[in-house]
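An overview of the molecular structure
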Amino acid sequence: MKVGSPKEIKNQEYRVGLTPAGAKELVDNGHDVIIETMAGDAIGFSDEAYVTAGASIAATADDVFEFADLIVKVKEPQPVEIEKLQPKHTLFTYLHLAPDPVQSRGLMKSGAICIAYETVTDRQGKLPLLVPMSEVAGRLGTQVGAQLLQINNGGPGILLGGVTGTSTAKVTVIGGGIAGTNAAMMAIGLGADVTVLDRSTERLRELHAILDGRAKLRFSTSSSVSEAVRDSDLVIGSVLIPGASAPKIVSAEDIKAMRAGSVVVDIAIDQGGCFETSKPTSHKEPTYIVDGVTHYCVTNMPALAARTATEALSNVTLPFALQLANKGTDKALADNPFLAEGLNVKAGKITHPEVIRSLNFSE
C-alpha cells in the first residue's frame, strides 16, 4: 500500500503521524511511504532520517495526498486538507467529530474512509489510541495550570505546593480517567491539595490505590462538583464519553463564584468541553477570561510536548496502521472489531453511533 503522512498545519502543531521508526516498519513490510518535507523537523525527525528509513520525501502536501492511499496524521484535517481527500483515501487520525458538524460534512462529501483514533477500542472496552495523549494532556494540564496561577501570567501568584507556613493551592480534577489521573498525580507531586471527582465508585476505589490515599476522592454530583469548583484555585476538566460531545459538568454560575484569578483547564475541549464557559483556543492565543477566571481550552494541548507525544502516539497507532496497510482497509476492519470501532465515516455517511447522536444528522 502507498502510505503518506503530511505536515500538520493546525496552529503550532508539531507532532507528526509517522516517526522514522514507524516509516521503516511500513517499508520493511513492503509498503511505499511518503512524508511531506520537514513534517517532523521541529521535533528532531529530519527528512534525512525518513530517507534512511526508506521513505520518500514529498515537496508538498498535495504530493502526499495524490500519492498515498492511506493517510496517517495526528490532528483532524483542516479545511484545505479535507479538499484534498478522495474516495480512494483511508484517513487514520484523531477526528473528534461530535462537536464539529462542518468537518463531519466535509469528510462525508470527500467519500474517504475515515478512522478516528479516539474511538478505536480494545478487549476491555478502553480506548488505547487515546491513552498516551490523555497521559500527556493530563500532566500538561497541571503544568499549564500552575504557570497560569503565577502573577506574571495574570494569576494571583499562588504556588501549587506552597511553602512552610503557607496554604497549598486547591486543585480539583473532574473525571478520574487517564487524563484526570495523570493531572492529579502531577498536582499531588507538586504538593497541592487535590480533590478528584468521578461518577464511578469502582474507579474511585482504584484511584485510592493509584494515588496512595493522597487525594480527596468524591462521587461526582452537581452539588459536589459545584462545592469543589467554587473552592478551587485550579480546576482541570477531563470528562469523556467515547465518540460523544462532552457533558457540561461545570456551570457558568460555578465559574462566576470562583475566586478572581483562578484557573480552569478544559482537557475535554476536543469533544466540545465540559465547562459551560469553554470555547476552543489555540497555542497562539491559549487563554481568555470569564468572570475573572482564566480559561485554558487549547484543542491540541499535547503539541506542547510534541516529541514525547509523537513517540507515545506512534507506539500505539503503528500496529493498526500496519494492519490497514498489510490487509487493506476493508479486510483490516472486518478482521479486527476493535479497529472497526474507530470507523467514523464511510461511503459518505457517519457510521459511529455516538457521533451520529451528537451531530443529529446521518447524511
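Quick note: structure is the one above.
Residues numbered from 1 in each chain as written. Predicted model: local features only at pLDDT ≥ 70, side-chain atom pairs only at ≥ 80, totals over all residues. Heavy atoms only, no water.

A closer look at the overall build of the chain
A count of helices and strands for the chain gives 14 helices and 15 strands. What you see for the chain is a C-alpha radius of gyration of 21 Å, in line with the 21 Å of a compact globule of 363 residues. In terms of its C-alpha atoms, the chain occupies a principal-axis envelope of roughly 65 × 40 × 35 Å. Scored against the burial criterion, the 363 residues of the chain give a buried share of 55%. The long-range share in the chain, meaning contacts at least 24 apart out of those at least 6 apart in sequence, stands at 63%. Per element, the accessible surface of the chain, about 15,100 Å² overall, is 52% carbon and sulfur. Looking at charge distribution, the chain has the averaged site of its 33 positive side-chain charges lying 4 Å from that of its 41 negative ones. (Helix = DSSP H or I, 4+ residues; strand = E, 2+ residues; numbered from the N terminus. Rg over C-alpha atoms; globule rule 2.2 N^0.38 Å. Buried < 20%, exposed > 50% of the residue type's maximum accessible area, 1.4 Å probe, protein only. Contact = heavy atoms within 4.5 Å. Areas by Shrake-Rupley, 256 points an atom, 1.4 Å probe, with all protein chains shown as cover. Lys, Arg positive; Asp, Glu negative; His and termini not counted. Charge placed at Lys NZ, Arg CZ, Asp CG, Glu CD.)

Here we look at the environment of Gly 111
As for its position among the elements, Gly 111 is in the loop between helix H5 (101-110) and strand S6 (113-116). Overall, Gly 111 belongs to the partly exposed group, its relative accessible area being 22%. Ignoring sequence-local partners within four residues, the contact set of Gly 111 consists of Gln 86 and Pro 87.

Describing the side chain of Thr 310
Within the fold, Thr 310 resides in helix H11 (residues 306-327). A polar atom in the side chain of Thr 310 sits 3.4 Å from the backbone nitrogen of Val 16. For Thr 310, the side chain forms a polar contact with the main-chain oxygen of Ala 306, separated by 2.8 Å. Thr 310 has contacts with Arg 15, Val 16, Thr 19, Ile 43 and Phe 45, leaving out every residue within four places of it along the chain. (Polar contact = N/O pair within 3.5 Å; in protein donor to acceptor, adjacent residues only side chain to side chain.)

Focus on the pairing of strand S9 (residues 216-219)
Note: strand S8 (residues 193-198) against S9, 4 bridges, orientation parallel. When the sheet's bridge partners are listed, Asp 198 is paired in S9 with Phe 219. Following the chain from S8 across helix H8 (residues 201-210) to the adjacent parallel S9, one finds a crossover that is right-handed. (Pairing = 2+ DSSP bridges. Right-handed = clockwise from strand over helix to strand, strands pointing away.)

Considering the sheet that holds S9
As summarised here, the arrangement of the 7 strands in space is S9-S8-S7-S10-S11-S13-S12, forming an open sheet in which the pairing is mixed. Lying at the two open borders of the sheet, with one neighbouring strand each, are S9 and strand S12 (287-290). Here the strands of the sheet are splayed against their neighbours by 20° on average, with no regard to which way each runs. For S12 and strand S13 (residues 293-296), the ladder comprises 4 bridges, and the chain directions are antiparallel. If you follow Val 290 over to S13, its bridge partner there is Val 293. Packing against the sheet, helix H6 (residues 131-148) makes contact with strand S10 (234-237), strand S11 (263-266), S12 and S13, and its axis sits at approximately 150° to S10. (Axes fitted to C-alpha atoms, helices over the stretch in contact; angles between N-to-C directions.)

Some words on the nonpolar core
Phe 92, Ile 115, Val 194 and Leu 339 are the most contacted members of the largest nonpolar core, which has 70 residues in total. The element that contributes the greatest number of residues to this core is H11, accounting for 9 residues. When near neighbours in sequence (up to four residues on either side) are disregarded, Val 194 contacts Val 171, Ala 184, Ala 187, Ile 188, Ala 215 and Lys 216. Of all hydrophobic cores here, the second largest spans 22 residues; its members include Leu 85, Leu 107, Ala 112 and Cys 114. (Core = buried A, V, L, I, M, F, W, Y, C linked by side-chain atoms within 4.5 Å.)

A look at the pattern of salt bridges
Summed over the entire model, instances satisfying the criterion amount to 20 salt bridges. The salt bridge partner of Arg 259 is Asp 231, with a shortest N-O separation of 3.6 Å. Placement of Arg 259 in the loop between helix H10 (252-257) and S11 and of Asp 231 in the loop between helix H9 (222-230) and S10 is noted, with a sequence separation of 28 residues between them. Owing to a relative accessible area of 36%, Arg 259 belongs among the partly exposed residues under this scheme. Classification of Asp 231 by relative accessible area gives partly exposed; the value is 33%. Salt bridges here are not isolated pairs; linked through shared partners, they connect Lys 10, Lys 75, Glu 76 and Asp 270. (Salt bridge = Lys/Arg side-chain N within 4 Å of Asp/Glu carboxyl O.)

Overview of the pairing of S11
Side chains Val 263 and Val 265 project from S11 onto one buried face, and the interleaved Val 264 and Asp 266 project onto a second face that is buried too. Following the chain from S10 across H10 to the adjacent parallel S11, one finds a crossover that is right-handed. The pairing of S11 with S13 spans 3 bridges and is classified as parallel. The partner of Val 263 across the bridge, within S13, is Thr 294.

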